[in-house]
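Here are the chains, one letter per residue:
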Amino acid sequence: MREPFWQGVFPAITTQMKRDSALDLEATARHADVLIQSGVAGLIFLGSLGENQALTPDEKRRVVEAMVKSVNGRVPVLSGVAESSTAEACRYVREGERLGLDGFMLMPAMLYKGDPREIMAHFRAAAKATGQPIMIYNNPISYANDITPEMFAELADQKNFVALKESSGNTRRITDLRNTVGDRYAIFMGVDDLVLECAVLGIDGWVAGSGIAFPAENQYFWELTRRGEWDKARKIYQWFTPLLHLDVHTKFVQYIKLAVQECGLGAEWVRAPRLPLAGEERKQILKIIRDGIAKRPTVPKPGKVSSGRARET
């Protein structure tokens, strides 16, 4: 098999905000730096966890500019593309390429359930608007559009589609994808609490969510799966799973930002219509997070940071 274009842990990072919901770019950069030091292979800003759709175009531009500058080439910097029209998606990737992004995580057009012809036309148009590599994001649970293995096979002739993020929640998809498209794309898992199961089936990377609050443990767990040390990986996974479940709830942004805050890596403030957790729900989620912190396993210190740089298309 050929080496995948991207591989490893590409965490989806939160967009840090102040209490009044203004952007906190310095805090976002500090968190990114901690993740890079843990050994991640890339970073994805302005995904669903980054509250992409709650930010204005100018705010998204400011995030991209600041993070490209802060990361300074240490790992690839990607941005989510979550626009509601094809024209806006094309505009966004052109602007992102100009600002120095290394690639994109492309979602279907928001707010519309397209048929396969429409979905693929949207993806192709955005891909043709940039020369940068693209990870296609399949999340039919959240975004109603399902990109099947057969559709990925049809899209394979578009050169800058290099990876896919599979978040259907169906582990069968990993093997179906391999059988249908072989090693044409790097396959990333996007559902935190299925990552061990999918690692066994053979994935190339992980778009981690909850693990941004526990970067050392997250990276160590991933490296165990790469080495095939399954007994050790299962032990970490058993500790990690209640925390990984935080990634698959409607309020995953609030839950993960609260975990980030409890671990001293940021703050819980979100952009409306989301609101910080309150009442009994907050108590329940804090208990999960604090139990995880109390039982936190001892893991080796991060080794040499992988550059994670992409190959040329």
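Structure's up top.
How each quantity is defined
- Every chain is numbered independently, its residues counted from 1 as its sequence is written.
- The predicted nature of this model means local features are confined to residues of pLDDT at least 70 and side-chain atom pairs, given and counted, to a pLDDT of 80 or more, with totals for whole chains, interfaces and linings taken over all residues.
- Side-chain calculation: all heavy atoms of the structure are included, whereas hydrogens and water are not.
- The numbering of helices and of strands both runs from the N terminus, where a helix is a DSSP run of H or I of at least 4 residues and a strand a run of E of at least 2.
- For a helix, the expected span equals 1.5 Å multiplied by the residue count minus one.
- Note on bend: at a given residue it equals the angle between the axes fitted to the 7 residues ending there and to the 7 starting there.
- For every residue, the accessible area obtained with a 1.4 Å probe (protein chains only) is divided by the maximum for its type, and the residue is called buried under 20%, exposed over 50%, and partly exposed between those limits.
- Contacts were defined at the residue level, with two residues in contact if any of their heavy atoms lie within 4.5 Å.
- Any Lys or Arg side-chain nitrogen located within 4 Å of an Asp or Glu carboxyl oxygen qualifies as a salt bridge.
- One bridge is not enough; two strands pair if DSSP finds at least two bridges between them.
- Whether two aromatic rings pair depends on their centres lying within 6.5 Å, for rings of Phe, Tyr and Trp, where Trp uses its six-membered ring; planes under 30 degrees apart make the pair stacked, over 60 edge-to-face, and the rest tilted.
- Sitting over a ring, as applied to charges here, requires NZ of Lys or CZ of Arg to be within 6 Å of the ring centre and within 35 degrees of the ring normal.
- Axes here mean lines fitted to C-alpha atoms, for a helix over just the part in contact, with angles spanning 0 to 180 degrees between N-to-C directions.
- Any angle that is under 35 degrees is reported as roughly parallel, and any over 145 degrees as roughly antiparallel; angles of 65 to 115 degrees are reported as roughly perpendicular and all others as oblique.
- Note on convention: the crossing is left-handed when the near helix lies turned anticlockwise from the far helix by less than a right angle, right-handed when the turn is clockwise.

A. Spotlight on helix H10 (residues 230-244). For H10, spanning 15 residues, the distance from its first C-alpha to its last is only 18 Å, which falls clearly below the expected 21 Å at 1.5 Å a residue. Along its length, H10 shows its largest kink, about 40 degrees, at Gln238, and proline Pro242 lies within four residues downstream of that point. Those residues of H10 lying buried are Ala233, Ile236, Tyr237, Trp239, Phe240, Thr241, Leu243 and Leu244. Against the buried residues of H10 lie helix H8 (195-201), strand S8 (205-206), helix H9 (215-227) and helix H12 (279-294).

B. Local environment of helix H3 (residues 86-98). When the terminal C-alpha atoms of H3 are compared, their 19 Å separation across 13 residues agrees well with the 18 Å that a helix rising 1.5 Å per residue should span. Considering only its buried residues, H3 is in contact with helix H2 (57-71), strand S3 (77-81), strand S4 (103-106) and helix H4 (116-128). Positive backbone phi, at 105 degrees, marks Gly100, one or two positions downstream of H3.

C. Spatial organisation of the pattern of salt bridges. This structure, assessed with the given rule, holds 19 salt bridges. One salt bridge connects Lys257 with Glu51, and the closest N-O pair in it is separated by 2.7 Å. Of this pair, Lys257 sits in helix H11 (residues 252-262) while Glu51 is found in the loop between strand S2 (43-45) and H2, placing the two residues 206 residues apart along the sequence. Lys257 gets classed as buried once you look at its relative accessible area, which sits at 0%. With a closest N to O distance of 3.3 Å, Lys232 and Glu229 form a salt bridge. Residues joined by salt bridges that share partners form a network here, namely Asp58, Arg61, Glu95 and Arg98.

D. Expanded view of the pairing of S3. Of all five residues making up S3, five are buried, and the element is well covered by its neighbours. By the alternation rule, side chains of S3 split into Val77, Ser79 and Val81 and Leu78 and Gly80, which are all buried. Bridge count for S2 against S3 is three bridges, and the pairing is parallel. Bridging from a neighbouring strand, Ile44 pairs with Leu78 of S3. In terms of strand pairing, S3 meets S4 through four bridges, oriented parallel.

E. Inspection of the packing of aromatic side chains at higher detail. On inspection of all chains with the given rule, the structure shows 12 aromatic pairs. Look at Phe221 and Tyr237: their rings are 5.4 Å apart centre to centre, the planes differ by 5 degrees, and that puts the pair in the stacked class. A residue pair is termed long-range when its members are at least 10 positions apart, and Phe221 in helix H9 and Tyr237 in helix H10 qualify at 16 residues. Summarising the burial analysis for this pair, Phe221 and Tyr237 share the class buried. Among the aromatic side chains, those forming a connected cluster through ring pairs are Phe5, Trp6, Phe10 and Phe188. Across the ring face of Trp222, the terminal group of Arg226 is positioned such that the distance to the ring centre comes to 3.9 Å.

F. Structural context of the packing of H3 against H4. Direction vectors running N to C along H3 and H4 enclose 25 degrees, while the axes themselves pass 8 Å from each other. Put simply, H3 runs roughly parallel to H4. Relative to H4, the crossing made by H3 is right-handed. Facing Thr86, Ala89, Cys90 and Val93 of H3, the residues of H4 in contact are His122, Ala125 and Ala126.

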